[in-house]
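The residues making up each chain are set out below.
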Amino acid sequence: MAKELIRLQDLCMAFDDEPVLDNLNLYINDKEFLTLLGPSGCGKTTTLRIIGGFTTPTSGDVLFDGVRINDVPPYKRQINTVFQKYALFPHLNVFENVAFGLRLKKVPDAEIKERVMEMLEVVSLKGFENRKPDALSGGQQQRVAIARALVNRPKVLLLDEPLGALDLKLRKDMQMELKRIQQQVGITFIYVTHDQEEALTMSDTIVVMDKGSIQQIGTPEDIYNEPKNAFVADFIGESNIIDGIMVRDKVVKMYGREFPCLDGGFAENEPVDVVIRPEDIDIVPVEQGQLVGTVTGVTFKGMQYDIIVDFRGFKWLIQTTDHSPVGARIGVKIDPDGFHIMKKSQYSGMFGDYSSYSEEYDELSDVEALDEEEAQEDREEGYEE
Amino acid sequence: MRSKGIAIPYVVWMAIFVVVPLILVVVYAFTNRSGGFTLENFASMSQYASVFGRSFLLAFVATVVCILLGYPMAYFLARERGRLRQMATMLIMLPMWMNFLLRTYSWVFLLERNGFFNTLLETIGLPKLDIIDTQGAVVLGMVYNFLPFMVLPIFSVIEKMDHRLIEAAQDLGANSAEVFRRVIFPLSLPGVLSGVTMVFIPSVSTFVISRLLGGGKSLLLGDLIEMQFLGSAYNPHLGSAISLVMMVIVLVSMGIMNRFGEGEGEAVVL
Ligand SMILES: Nc1ncnc2c1ncn2[C@@H]1O[C@H](COP(=O)(O)OP(=O)(O)OP(=O)(O)O)[C@@H](O)[C@H]1O
Ligand SMILES: [Mg+2]
């Protein structure tokens with residue numbers, strides 16, 4: 001049975017009356033790899049700083065092992081942090097950086113040496129003991145930061161986008177490495193990222209945040225397969241989100257047509273958001289299609305083609321291994337388990353249409369980043385209304 | 001190419017106002033009144049050993065006092081925010097806007113036998129103190145005049161220090177005293193080094209302060225040199241030789257200090 005280690009209770013945080021965290025409730029289990037995932041500025045770092053003790057919440061409690069620790073200063077908490085920009089001590093070499101916490105605890109020299117070297121081994125930095133941090137690459141600095149925190153054998157390690165500065169390849173390696181280290185030392189990791197793929201790969205539990213509140217908590221599979229609202233569906237992976245009506249259990253209506261699905265538990269004829277993942281859509285000849293649309297864009301992505309298809313003005317993204325030329329009329333077929341039905345939410349109608357994608361996919365660089373930014377702006381506008 | 005062109009005026013400036021006087025000093029130091037080469041200027045300097053000793057000692061004491069006073073001042077200023085900090089910075093800078101001679105004279109007025117302090121002591125029924133014309137008064141004058149040069153570089157180093165390093169230290173278990181000892185202080189050493197340079201050098205070569213506050217009793221190198229050029233003992237050759245030796249001693253000691261602090265980064269001279 002997993003044991004609860006940290007609990008955030010009705011946590012609120014405001015900077016100069018500007019609310020940043022809105023009534024956060026979350027519990028974190030011992031030895032769990034938990035990820036806070038959300039767009040920039042949603043309050044991930046703030047949450048982490050509250051757990052670390054660097055920020056005092058405006059209201060609400062932080063419990064550690066059942067004890068309220070709101071007023072415990074950082075240096076007395078059994079928690080260590082890997083900071084967003086590493087924050088290595090520039091005047092100390094790698095060995096002394098890692099030994100910092102042990103020296104404070106007056107650990108005997110021989111034991112310090114042993115534990116530091118052991119930890120440098122874990123992060124594959126043997127032989128770098130005498131280097132100063134500014135003579136290390138970003139990835140190496142990051143590993144020193146991890147070693148510096150882990151050597152103290154904390155109960156909880158907080159990591160604030162530790163891989164943000166690394167290139168894709170190194171990032172992937174470090175993701176595996178971190179997961180391995182977490183399992184090896186067997187402690188709780190609370191990990192912050194805005195990269196959904198990273199979150200899906202590494203976490204036991206993902207907490208999706210937006211605008212200072214939690215949108216969904218669940219395993220990576222839950223979050224991906226059963227997103228709670230349009231924000232989560234859009235933020236995690238690619239999603240076509242279409243207005244629909246739940247006619248009755250296991251039957252959803254879109255485009256005036258009824259489709260069999262597996263979901264239930266909605267009121268009769270309740271308006272819903274229908275999520276269809278791009279990879280769950282099969283392209284079939286027009287006459288066999290449940291829906292018929294026109295291809296308006298095709299992008300080769302290596303593993304698959306990203307095809308944008310116009311269904312009566314609403315553009316879908318379909319991922320398939322078969323090429324279809326622009327302008328082609330195609331039919332699509334979706335199996336009942338390809339539908340995921342969500343209740344309407346404040347995010348309904350803001351996401352899940354790929355019109356902008358089709359216009360911009362030619363500009364190869366940062367298409368997704370652009371999309372995300374736009375989505376973010378849309379969201380902000382939506383909020384003000 | 002272009003950047004070299006731009007540098008030319010500065011190079012010319014440096015040549016005229018730095019290098020030429022330096023060459024003149026060297027030439028004078030190694031010649032006698034008739035213009036022939038000689039080492040006699042250096043040989044005759046041994047009689048002034050006590051002046052050298054006193055100058056370096058007083059400058060050293062003044063520098064140490066400046067560190068002891070200036071470091072906490074800079075530290076708390078750098079961590080302070082808002083109006084208090086602005087005001088305190090103003091107060092530190094204010095004397096620097098006044099004429100050097102003037103502000104040293106003001107201390108004469110304060111410390112004199114019948115000056116402000118002694119009048120004050122008298123009115124509350126305490127015996128008068130002999131402060132003026134002592135080496136203590138000279139040190140006081142040095143500290144007063146050069147303290148801002150200690151405070152400012154330390155202040156700017158601490159002020160620019162990455163706050164996350166402090167948080168990282170706290171995170172690893174350091175309380176505020178340990179944060180200071182293990183992170184803030186070592187990282188502020190370059191500022192201290194600059195401050196030391198900027199206090200020690202003018203202190204060692206000053207002549208106004210010792211003249212006004214030391215009452216001519218504690219002759220310093222600055223006075224000695226000044227006497228050789230403008231005063232009674234007119235001998236620019238000897239004056240140049242003394243200057244040269246002083247310069248070499250200062251350079252060597254600064255070099256040693258910088259080497260000593262190398263691990264903590266180079267001193268930044270403002
Ligand atoms: N010290 C502060 N003073 C005022 N506002 C702050 C402060 N720290 C954070 N904020 C605000 O709080 C909000 C959340 O910030 P936070 O750093 O938690 O975001 P984040 O989710 O970590 O974002 P990112 O992914 O960009 O790091 C932001 O709008 C930010 O401007
Ligand atoms: Mg952040």
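Residues numbered from 1 in each chain as written. Chains lettered and ligands numbered in written order. Predicted model: local features only at pLDDT ≥ 70, side-chain atom pairs only at ≥ 80, totals over all residues. Heavy atoms only, no water.

### Notes on the overall build of chain B
Consideration 1: For chain B, the count of helices and strands is 12 helices and 0 strands.
Consideration 2: Secondary structure elements of chain B occur, N-terminal to C-terminal, as α-α-α-α-α-α-α-α-α-α-α-α.
Consideration 3: C-alpha extents for chain B along the principal axes are approximately 70 × 70 × 30 Å.
Consideration 4: Split into buried and exposed, the 270 residues of chain B put 41% on the buried side.
Consideration 5: Within chain B, residue pairs in contact and separated by at least 24 positions form 71% of the contacts whose partners lie at least 6 positions apart.
Consideration 6: As displayed, chain B offers around 14,900 Å² of accessible surface, 71% of which is attributable to carbon and sulfur atoms.
Consideration 7: Both charge centroids of chain B, one from 18 positive and one from 16 negative side chains, sit 5 Å from each other. (Helix = DSSP H or I, 4+ residues; strand = E, 2+ residues; numbered from the N terminus. Buried < 20%, exposed > 50% of the residue type's maximum accessible area, 1.4 Å probe, protein only. Contact = heavy atoms within 4.5 Å. Areas by Shrake-Rupley, 256 points an atom, 1.4 Å probe, with all protein chains shown as cover. Lys, Arg positive; Asp, Glu negative; His and termini not counted. Charge placed at Lys NZ, Arg CZ, Asp CG, Glu CD.)

### A short note on the domain arrangement of chain A
The figure often quoted for interface size is the accessible area lost as the parts come together.
Residue and element names in this part refer to chain A.
Consideration 1: According to the domain assignment, chain A consists of domain 1 (4-226) and domain 2 (241-354).
Consideration 2: Computed over C-alpha atoms only, the centres of domain 1 and domain 2 are separated by 39 Å.
Consideration 3: Both sides of the domain 1 and domain 2 interface together cover about 450 Å² of buried area, and 31% of this is carbon and sulfur.
Consideration 4: Of all residues in domain 1, Gln215, Tyr224 and Glu226 bury the most surface against domain 2, accounting for 76% of the area lost on that side.
Consideration 5: Taken together, the links from domain 1 to domain 2 amount to 0 salt bridges.
Consideration 6: Linking domain 1 with domain 2 are 5 residue pairs in polar contact (both at pLDDT 80 or more), by the criterion used here.
Consideration 7: Among the elements that make up the side of domain 1 that touches domain 2, the one with the highest residue count is helix H7 (residues 220-225) (3 residues).
Consideration 8: For the side of domain 1 that touches domain 2, the residue count by class is 2 nonpolar, 2 polar and 2 charged. (Domains from an automatic or database assignment. Buried area = accessible area lost by both parts, 1.4 Å probe. Salt bridge = Lys/Arg side-chain N within 4 Å of Asp/Glu carboxyl O. Polar contact = N/O pair within 3.5 Å; in protein donor to acceptor, adjacent residues only side chain to side chain. Nonpolar A, V, L, I, M, F, W, Y, C, P; charged D, E, K, R; others polar.)

### Focus on the interface of chain A and chain B
Consideration 1: Contacts between the two partners involve 23 residues from chain A and, on the opposite side, 18 residues from chain B.
Consideration 2: Contact with chain B buries area across many residues of chain A, yet Tyr75, His91 and Leu104 of chain A alone supply 33% of it, more than any other trio.
Consideration 3: For the pair chain A and chain B, the interface holds 1 salt bridge.
Consideration 4: The interface formed by chain A and chain B includes 5 residue pairs in polar contact (both at pLDDT 80 or more).
Consideration 5: Elements that contribute at least two residues to the side of chain A that touches chain B include exactly strand S6 (79-82), helix H2 (94-104) and helix H4 (138-150) of chain A.
Consideration 6: Grouping the amino acids of the side of chain A that touches chain B by side-chain chemistry returns 12 nonpolar, 5 polar and 6 charged.

### Points about the site of ligand 1
Residues and elements named next belong to chain A.
Consideration 1: The environment of ligand 1 is made up of Phe15, Val20, Ser40, Gly41, Cys42, Gly43, Lys44, Thr45, Thr46, Gln84, Glu161 and His194.
Consideration 2: Contact between ligand 1 and Gly43: an oxygen atom at 3.0 Å from a main-chain N or O atom of the residue.
Consideration 3: Side-chain polar atom of Lys44 to an oxygen atom of ligand 1: 2.8 Å apart, as the coordinates give it.
Consideration 4: Relative to its free-state accessible area of 640 Å², ligand 1 is covered by the protein chains to the extent of 58%.
Consideration 5: Counting residues per element, the shell around ligand 1 draws most heavily on helix H1 (residues 44-52), which supplies 3 residues.
Consideration 6: Split into classes, the residues belonging to the shell around ligand 1 amount to 3 nonpolar, 7 polar and 2 charged. (Near = heavy atom within 4 Å.)

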